[in-house]
Amino acid sequence: VQLQASGGGAVQAGGSLRLSCAASRSIFDINVMAWYRQAPGKERELVAMITMGGSTNLADSTKDRFTISRDSAENTVYLQMNSLKPEDTAVYFCNARILESDGLLPYWGQGTQVTVSS
């Protein structure tokens, strides 16, 4: 599967952005879709995930501000980010995990930069 992420940009603290991740196949064929982020000098961390069945999970640092959703007709997963903080600044990556013969394999899209200024 190929993943195309978009929607990053530069905003001031308190602003909002919506990231999109378009998949090259039906998202119902994908076991888990997720957003990760990586800030400079830090490890990549999970931000939000949505399963094939529609269950969602968000990191504690974002669950009151971010929402993950999907549009099956567009094979797209969204990350709505509200009340952005400078510490949300990072490159955000779209991730898909698909159960294949070798197990649950990860696929990554290109990153999209999110910069939040104070």
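It should be emphasised that the depicted structure is a prediction, and the values quoted were computed from it without experimental measurement.

What counts and how
Residues numbered from 1 in each chain as written. Predicted model: local features only at pLDDT ≥ 70, side-chain atom pairs only at ≥ 80, totals over all residues. Heavy atoms only, no water. Core = buried A, V, L, I, M, F, W, Y, C linked by side-chain atoms within 4.5 Å. Buried < 20%, exposed > 50% of the residue type's maximum accessible area, 1.4 Å probe, protein only. Helix = DSSP H or I, 4+ residues; strand = E, 2+ residues; numbered from the N terminus. Contact = heavy atoms within 4.5 Å. Phe/Tyr/Trp six-rings, centres within 6.5 Å; stacked < 30°, edge-to-face > 60°. Lys NZ or Arg CZ within 6 Å of the ring centre and 35° of its normal. 1 Å grid on protein atoms, 1.4 Å probe; cavity = no way out; pocket = protein on both sides within 12 Å on 5 of 7 lines; lining within 4 Å. Points joined across faces, edges and corners; volume = space filled by probe spheres on them. Nonpolar A, V, L, I, M, F, W, Y, C, P; charged D, E, K, R; others polar. Polar contact = N/O pair within 3.5 Å; in protein donor to acceptor, adjacent residues only side chain to side chain.

> So what about the nonpolar core? Which residues, and what values?
Counting 29 residues, the largest nonpolar core has M33, W35, F66, I68, L79, M81 and Y92 as its most contacted members. Counting only elements with at least two residues in this core, the list comes to β1 (3–6), β3 (17–23), β4 (32–38), β5 (45–51), β7 (66–71), β8 (76–81), β9 (90–100) and β11 (112–117). A per-element tally of this core places β9 first, with 5 residues. Those residues within four positions of I68 in sequence are excluded, and the remaining contacts are M33, W35, A48, M49, I50, T56, L58, V77, Y78 and L79.

> I'd love a proper account of unusual backbone geometry, names of residues and values included.
Despite not being glycine, N75 has its phi angle at roughly 50 degrees, a positive value. Mapped onto the elements, N75 comes out in the loop between β7 and β8. Phi is positive for S83, which is not a glycine, with a value near 50 degrees. Residue position: S83 is located in the loop between β8 and β9. Exposure remark for S83: the relative accessible area of 41% places this residue in the partly exposed category.

> Go over the packing of aromatic side chains, please, and point to the residues and values.
Using the criterion set out here, one finds 2 aromatic pairs in the structure. Ring geometry for Y36 and W108: centres 5.0 Å apart, planes at 65 degrees, overall edge-to-face. Pair noted here: Y36 is in strand β4 and W108 is in strand β10 (residues 103–108), with a separation of 72 residues, a long-range link. Relative to W108, the ring of F93 lies with its centre 6.4 Å away and its plane at 90 degrees, an arrangement referred to as edge-to-face. Here F93 is found in strand β9, whereas its partner W108 is found in strand β10, with 15 residues between them in sequence. Judged by relative accessible area, which is 14%, F93 ranks as buried. Using a relative accessible area of 39% as the deciding quantity, one classes W108 as partly exposed. Positioned over the ring face of Y78 is R18, at 4.1 Å from the centre of the ring. For R44, the ring lying beneath its charged end belongs to W108, and the centroid distance is 4.6 Å.

> Give a description of empty space enclosed by the protein that names residues and reports values.
This structure, assessed with the given rule, holds 1 cavity of 30 Å³ or more. Considering only enclosed or pocket space, the largest cavity measures out at about 40 Å³ in volume. Lining the largest cavity are I27, I30, M33, I50, T51, M52, R70 and V77. Its residues assigned to classes, the lining of the largest cavity shows 6 nonpolar, 1 polar and 1 charged.

> Outline the side chain of R65, listing residues and values.
Along the polypeptide, R65 turns up in the loop between β6 (56–58) and β7. A residue is classified by how much of its surface remains accessible, and R65, at 11% relative accessible area, is buried. At 3.0 Å, the side chain of R65 forms a polar contact with the backbone oxygen of S83. There is a polar contact of 2.7 Å between the side chain of R65 and the side chain of D88. Those residues in contact with R65, other than ones at most four positions away along the chain, are Q80, M81, N82, S83, L84, K85 and D88.

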